[in-house]
Amino acid sequence: MTITDSPLTADEQRVDDLVTELLEKYPPKTTDPVTFLGAQFDAGLAWVHFPVGHGGLGLGPKLQKLINERVFAEGAPSPVARNPIGHGMTGPTVAVWGSEAQKTRYLRPLFTGEEIWCQLFSEPGSGSDFAGLSSRGVKDGDEWICNGQKVWTTLAHLSRWGLLVVRTDPEAVKHAGLTAFVVDMHAPTVETKPLRQMTGEAEFNEVFFTDTRIPDSEMLGKPGDGWRVSLTTLMNERVSIGGGVGPRGSGAIGMAVKLWSDRASDQRDPATKDELMKLYVRAEATRLTNMRAAANAQRGTPGPEGSVGKLAFAENNKDIYSFCVDLLGAQGMLHDSYAFVRPERTMDIATPSKAFLRARANSIEGGTTEVMKNILGERVLGLPGDVRVDKGIAWKDVPRN
Ligand SMILES: Cc1cc2nc3c(=O)[nH]c(=O)nc-3n(C[C@H](O)[C@H](O)[C@H](O)COP(=O)(O)OP(=O)(O)OC[C@H]3O[C@@H](n4cnc5c(N)ncnc54)[C@H](O)[C@@H]3O)c2cc1C
């Protein structure tokens, strides 16, 4: 079996042969997920644009789609579902900024889902303005002592490792004084507490660091690189949240079309159909835009097009799931269960009521819709920048509450 109908390029043929070999040696349906994903990583088919020896082959990222189509068609496990923050955000960040030792230590078990990761960026006083964060890291010999609080930390309760950003130089302007580390989430000085969402679940957490010691060797990049490290994570996050390209009519709009089709024929009125079709067109335009962005991506690190996809995904989802609960009438006001659950997955949208409640967070997580619009305005349209009252001022001198 080949991966496309048109003649394969040399790189496509190489990847196709490796996929064939992987599927023959480790048939996904009869191989346990960790063994399969480990073999996929070792074959360089995990993130094909990563370096050889670290889950990739150093090839163009477009080839990953071809790999994924073939392995998923055979029933391969999804590394994203098993480790969403790790696979979509912290893995690509470790690949760009990690030392050889860090890449060797972390990427394989991250891909197999044996070690779950979380992203420790947001703080009670710094979300959109994450570069203004207050958690501190102070050098002590060849270690850093970290103190502070993070918030909204998705899957911290399951995580083995976290990508932590702290302020290591309060004398510098806010973006320049940050440093990124890999932190051991099992350390006794790291405390994780659940935060419950309106779905009833607690996907995310508050995380407290009290004199948490992190060795120099667990820094990503150098002291002061924390902002640039974070941008790698955030750009990947936006693509990870909003850049998916499913089949036409799948995802949220698929749920809406099904609910519409299941209605009795006398309830399928033209006005509601018109509304559904407008939503369908928006969903399809977003899907095609994401396809174009993926096709244009020459390198692994995404640019502002990730923010376009994320913005459209969030606003489409909210409107489509609102339409779904409206279609359900009075039944739409009932929620399946508000039981307090600590989920192992994120963005579980099994039913319309849960999807409606969970989608409210889509325009907040991974950067709010307003912030995405600022990015588009400034970086794509070239409009004047947002007001920045702390420009050129040392972080310690910026007035704050
Ligand atoms: C489900 C979920 C999961 C999350 N998971 C994680 C995670 O794993 N790790 C992590 O670190 N964080 C996580 N977050 C946090 C998320 O990144 C922040 O909530 C987000 O960046 C917004 O920050 P904030 O909540 O502090 O809101 P604020 O920044 O206080 O924003 C409040 C309001 O002001 C608006 N606003 C702010 N600045 C501007 C501006 N310059 N121009 C125009 N409007 C502006 C915002 O759009 C928003 O409407 C998660 C959030 C959610 C909802």
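Rules of the game
- Residues numbered from 1 in each chain as written.
- Predicted model: local features only at pLDDT ≥ 70, side-chain atom pairs only at ≥ 80, totals over all residues.
- Heavy atoms only, no water.
- Helix = DSSP H or I, 4+ residues; strand = E, 2+ residues; numbered from the N terminus.
- Rg over C-alpha atoms; globule rule 2.2 N^0.38 Å.
- Buried < 20%, exposed > 50% of the residue type's maximum accessible area, 1.4 Å probe, protein only.
- Contact = heavy atoms within 4.5 Å.
- Lys, Arg positive; Asp, Glu negative; His and termini not counted.
- Charge placed at Lys NZ, Arg CZ, Asp CG, Glu CD.
- Near = heavy atom within 4 Å.
- Polar contact = N/O pair within 3.5 Å; in protein donor to acceptor, adjacent residues only side chain to side chain.
- Areas by Shrake-Rupley, 256 points an atom, 1.4 Å probe, with all protein chains shown as cover.
- Nonpolar A, V, L, I, M, F, W, Y, C, P; charged D, E, K, R; others polar.
- Pairing = 2+ DSSP bridges.
- Expected span 1.5 Å × (residues − 1).
- Arc of directions from axis to C-beta.

Colleague: In this structure, what is going on with the overall build of the protein chain? I would like to understand it.
Modeller: A count of helices and strands for the protein chain gives 12 helices and eight strands. Expected size for 401 residues packed as a compact globule is a radius of gyration near 21 Å; at 22 Å, the protein chain falls within 12% of this value. Along the first, second and third principal axes, the C-alpha atoms of the protein chain reach 70 × 50 × 45 Å. The buried share of the protein chain, reckoned over its 401 residues, is 49%. Long-range pairs, those at least 24 residues apart, make up 71% of the contacts in the protein chain with a sequence separation of at least 6. Mean positive and mean negative side-chain charge positions of the protein chain (45 and 50 charges, respectively) differ by 3 Å.

Colleague: Where do I start with the site of the ligand in this structure?
Modeller: The environment of the ligand is made up of 18 residues, and the closest members are Ser128, Trp152, Thr368, Glu370 and Asp386. Between the ligand and glutamate 370, the relevant distance is 2.6 Å, taken from an oxygen atom to a side-chain nitrogen or oxygen of the residue. Burial of the ligand by the protein amounts to 69% of the accessible area it has alone, namely 980 Å². When the residues that make up the shell around the ligand are grouped by side-chain class, the tally is five nonpolar, nine polar and four charged.

Colleague: What is the right way to read the pairing of strand β4 (residues 161-167) from this model?
Modeller: Within a regular strand, the side chains alternate between the two sheet faces. For β4, the buried fraction is high: seven of the seven residues fall into the buried class. Here β4 shows no split at all, with Trp161, Leu163, Val165 and Arg167 on one side and Gly162, Leu164 and Val166 on the other all buried. The pairing of strand β1 (residues 117-120) with β4 spans four bridges and is parallel. In the strand pairing of β4, tryptophan 117 is matched with tryptophan 161.

Colleague: So what exactly am I meant to see when it comes to helix α1 (residues 10-25) here?
Modeller: One turn of an α-helix holds 3.6 residues; hence residues three or four places apart share an orientation. Under the 1.5 Å per step criterion, the end-to-end length of α1 is 23 Å for 16 residues, consistent within 8% with the ideal 22 Å. Within α1, burial applies to Glu12, Val15, Asp16, Val19, Leu22 and Leu23. The arc that holds every buried residue of α1, seen down its axis, measures 125 degrees, which confines them to one face. Opposite the buried face of α1, at more than 90 degrees from it, the exposed residues are Ala10, Glu24 and Lys25. Turning to α1, the residues buried within the fold contact α2 (33-42) and α3 (63-73).

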